[in-house]
Amino acid sequence: RVPPYSNQQFSGTYGGPIRRDRIHMFANYEYEREPQVYVYSNPTYPRFDMDLEGTRTQYTGGVKMDFQFTSQTRMSTRFTDYHQYIPGSGGGAATHVSGATEADRRTRQLWNQYTQVLASNIVNEIKGVPGVERRGDLESAAAEREFDSLSPVGGRLPLAERPQRVCLVVAG
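Source: prediction; values computed, not measured. (Residues numbered from 1 in each chain as written. Predicted model: local features only at pLDDT ≥ 70, side-chain atom pairs only at ≥ 80, totals over all residues. Heavy atoms only, no water.)

1. Looking at the overall build of the protein
Then comes step 1: Within the protein, the regular secondary structure consists of one helix and seven strands.
Then comes step 2: Starting at the N terminus and walking to the C terminus, you meet the elements of the protein as β-β-β-β-β-β-α-β.
Then comes step 3: Counting over 172 residues, the protein shows a buried share of 20%.
Then comes step 4: Long-range contacts, defined here as pairs at least 24 residues apart, represent 53% of the contacts in the protein between residues at least 6 apart. (Helix = DSSP H or I, 4+ residues; strand = E, 2+ residues; numbered from the N terminus. Buried < 20%, exposed > 50% of the residue type's maximum accessible area, 1.4 Å probe, protein only. Contact = heavy atoms within 4.5 Å.)

2. Focus on a nonpolar patch on the surface
Then comes step 1: Taken together, Phe10, Tyr29 and Tyr59 make up a surface patch of nonpolar side chains, about 300 Å² in accessible area.
Then comes step 2: Structurally, the position occupied by tyrosine 59 is in strand β3 (residues 50–70).
Then comes step 3: According to the relative accessible area criterion, tyrosine 59 is partly exposed, its value standing at 31%. (Patch = residues over 30% accessible without salt bridge, like charges linked within 9 Å, V, L, I, M, F, W, Y side chains within 5 Å. Areas by Shrake-Rupley, 256 points an atom, 1.4 Å probe, with all protein chains shown as cover. Salt bridge = Lys/Arg side-chain N within 4 Å of Asp/Glu carboxyl O.)

3. Quick notes on the packing of aromatic side chains
The description of an aromatic ring pair rests on the distance of the ring centres and on the angle between the ring planes.
Then comes step 1: Under the counting rule described, the total for this entry stands at three aromatic pairs.
Then comes step 2: On the basis of an interplanar angle of 40° and a centroid distance of 5.1 Å, the ring pair of tyrosine 31 and tyrosine 59 is categorised as tilted. With tyrosine 31 in strand β2 (residues 23–40) and tyrosine 59 in strand β3, this pair connects stretches of sequence that are 28 residues apart.
Then comes step 3: Among the residues examined, tyrosine 31 registers a relative accessible area of 23% and is labelled partly exposed.
Then comes step 4: Taking the centre distance of 6.5 Å and the plane angle of 5° together, the rings of phenylalanine 67 and phenylalanine 69 count as stacked.
Then comes step 5: Look at phenylalanine 67 and you get partly exposed, because its relative accessible area is 23%.
Then comes step 6: The class of phenylalanine 69 is partly exposed, set by a relative accessible area of 45%. (Phe/Tyr/Trp six-rings, centres within 6.5 Å; stacked < 30°, edge-to-face > 60°.)

4. Concerning the pairing of β2
Then comes step 1: As judged from the eleven bridges shared by strand β1 (residues 8–19) and β2, these two strands associate in the antiparallel manner. Residue glutamine 9 lies in a different strand from β2, and its bridge partner there is glutamate 32.
Then comes step 2: A loop of three residues connects β1 with β2, the two strands running antiparallel in sequence, and aspartate 21 in this loop sits at a positive phi of about 60°.
Then comes step 3: In terms of strand pairing, β2 meets β3 through 18 bridges, oriented antiparallel. Following the sheet pairing, methionine 25 is matched in β3 by methionine 65. (Pairing = 2+ DSSP bridges.)

5. Here we look at the pattern of salt bridges
Then comes step 1: Counted according to the given criterion, the structure contains seven salt bridges.
Then comes step 2: A salt bridge links arginine 20 to aspartate 21; the shortest N-O distance between them is 3.9 Å. The burial state of arginine 20 is the same as that of aspartate 21; both residues are exposed.
Then comes step 3: Across the pair arginine 106 and aspartate 81 runs a salt bridge whose closest N-O atoms are separated by 3.1 Å. Taken together, the residues span a long stretch of sequence, with arginine 106 in strand β5 (residues 103–119) and aspartate 81 in strand β4 (residues 73–86) at a distance of 25 residues.

6. Some remarks on the side chain of aspartate 81
Then comes step 1: One polar contact links aspartate 81 to arginine 106, side chain to side chain, over a distance of 3.1 Å.
Then comes step 2: The contact partners of aspartate 81, leaving out residues within four places of it in the chain, are Tyr59, Thr60, Gly61, Arg106, Thr107 and Arg108. (Polar contact = N/O pair within 3.5 Å; in protein donor to acceptor, adjacent residues only side chain to side chain.)

7. Digging into the environment of glutamate 125
Then comes step 1: Within the element layout of this structure, glutamate 125 appears in strand β6 (residues 122–135).
Then comes step 2: Once the C-alpha coordinates of glutamate 125 and threonine 115 are considered, the two residues, ten residues apart in sequence, prove to be 4.5 Å apart.
Then comes step 3: In terms of polar contacts, glutamate 125 uses its side chain to reach the side chain of glutamine 113, at 3.1 Å.
Then comes step 4: A polar atom in the side chain of glutamate 125 sits 3.5 Å from the side chain of threonine 115.

Shape descriptors only; they carry no functional weight alone.
Structure follows, in structure tokens:
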């Protein structure tokens, strides 16, 4: 049998100058809603055949601000947010509906960049990530330690307690 399929998507953007040649703003938002049916069928025990229904949702958005102080000095700030909820997984003849899992994933990031043109062939940039928040479906302590080691700012500390990472790039 073929389960019904439905998918709704919405997205929008907005942007432009706030102050001509000095301050610009850009914002974006995306939303997706996808009802899903996981079909569990067991040829040996047909009474275990059942469906698991749920709706996968995903939100993505962000805001970016650009500031030009002088013709040689600029600053950019960007915030992004990603959230996805997956209500179930699996299906098929080899698993039972009781083995289904769900996932709730979220990432938020704030990024700053300061650029200064020192000469026609020298640029000074300072880039920083004051905070990244990641939350996901972690099934074991080992997976949690691996997740924390991959995080660019030291895992899931509250935003106020995260160390600031700053990079200095000089190109010639």
